[in-house]
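# Residue-level structure breakdown
Listed below, chain by chain, are the residues.
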Amino acid sequence: PNAQPAHSLHAGWNGTRGTRFAFSLAGGVTVLPATDGSERELAPFALVEGSLNGRHGSFAARYSHSVSQALGTGRIREGDSVSVSVTRSLTTWLSVFAHYGYGRSHDVFDPDFVFEVQGYEGGLRASLARDLALIAAYVRRRASNGDAPATVSSAAHLALTYSKGF
């Protein structure tokens, strides 16, 4: 494994189109340290995300490509991730939501080291008062690392939230 630091430089731009569509674009590079007598390498970073908000719901999607250090392993990993989220109002006080995310990364210097993760989440949000909500959700995650057996976890959550916008 490579324990030398990697350095990154990124820039981004956020925009809107009317009140319904918002988007973000970002790009940059990561300088990977030299290994085995080789020279440093530049690796690209990219992010594209957008959201569409309607009267009764919203849709959001995101894609990113990055190079980063895998915490605790000393490895440099290159990864791609994608996610989508949907929210739909059922009544003035009740909404349903769903989210899916998938990510795949590999060691830059060892292509046989691959890590994949995917997650699903769904639930209901009930507005109890102006800034108070009750959220019930179910989450399922699956992670795999090469030939090792996949790890699967599931959880149910019930949360009382308070949020104040400024």
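For the structure, check the block above.
### Considering the overall build of the chain
In terms of helices and strands, the chain carries zero helices and nine strands. Each helix (α) and strand (β) of the chain, taken in turn from the N terminus, gives the series β-β-β-β-β-β-β-β-β. In terms of overall dimensions, the chain is more spread out than a globule: its C-alpha atoms have a radius of gyration of 20 Å, far above the 15 Å expected for 166 residues. The C-alpha extent of the chain, read off along each of the three principal axes, is 65 × 40 × 20 Å. Of all 166 residues assigned to the chain, the portion counted as buried reaches 21%. At a minimum sequence separation of 6, the contacts of the chain that also span at least 24 residues come to 39%.

### Here we look at the pattern of salt bridges
When the charged atoms of two side chains with opposite charge come close together, those side chains can pair. With the rule as written, the count across this model stands at three salt bridges. Taking the shortest distance from any N to any O, the salt bridge between Arg62 and Glu49 comes out at 3.5 Å. Of the two residues, Arg62 is situated in strand β4 (residues 57-70) and Glu49 in strand β3 (residues 41-53); the sequence distance between them amounts to 13 residues. Glu49 gets classed as partly exposed once you look at its relative accessible area, which sits at 26%. We note a salt bridge from Glu116 to Arg104, for which the minimum N-O separation is 3.8 Å. Of this pair, Glu116 sits in strand β7 (residues 114-129) while Arg104 sits in strand β6 (residues 94-107), and the two are 12 residues apart along the sequence. A relative accessible area of 26% means that Glu116 is categorised as partly exposed.

### As for the environment of Arg17
Among the structural elements, Arg17 can be located in strand β1 (residues 7-17). Taking C-alpha positions, Arg17 is 9.7 Å from Leu52, a pair spaced 35 residues apart along the chain.

### Here we look at the packing of aromatic side chains
Scanning all chains against the criterion turns up three aromatic pairs. Aromatic side chains Tyr100 and Tyr120 sit 5.2 Å apart centroid to centroid with 50° between the ring planes, which places their arrangement in the tilted category. Here Tyr100 is found in strand β6, whereas its partner Tyr120 is found in strand β7, with 20 residues between them in sequence. Owing to a relative accessible area of 27%, Tyr100 belongs among the partly exposed residues under this scheme. The exposure class assigned to Tyr120 is partly exposed, which follows from its relative accessible area of 42%. Taken together, the aromatic side chains of Trp13, Phe21 and Phe23 make up a single cluster linked through ring pairs.

Reading the values: the criteria
Each chain has its residues counted from 1, running along the sequence as written. Given that this is a predicted model, residues contribute local features only at a pLDDT of at least 70 and side-chain atom pairs are listed and counted only at 80 or more, while totals for whole chains, interfaces and linings are drawn from all residues. Based on all heavy atoms of the structure, the side-chain values leave hydrogens and waters out of the count. Numbering goes from the N terminus for both helices and strands, where a helix is a DSSP run of H or I of at least four residues and a strand is a run of E of at least two. Note that the radius of gyration is over C-alpha atoms, with the globule rule given as 2.2 Å times the number of residues to the power 0.38. Exposure classes here rest on a 1.4 Å probe applied to the protein chains alone. A residue is buried below 20% of its type maximum, exposed above 50%, and partly exposed in between. Whether two residues are in contact is decided by their heavy atoms, any of which lying within 4.5 Å being enough. Salt bridges, as used here, are contacts in which a Lys or Arg side-chain nitrogen is within 4 Å of a carboxyl oxygen on Asp or Glu. Only rings of Phe, Tyr and Trp enter the pairing, Trp through its six-membered ring, and a pair is recorded when the two centres are within 6.5 Å. The plane angle decides the type: under 30 degrees is stacked, over 60 is edge-to-face, the rest tilted.

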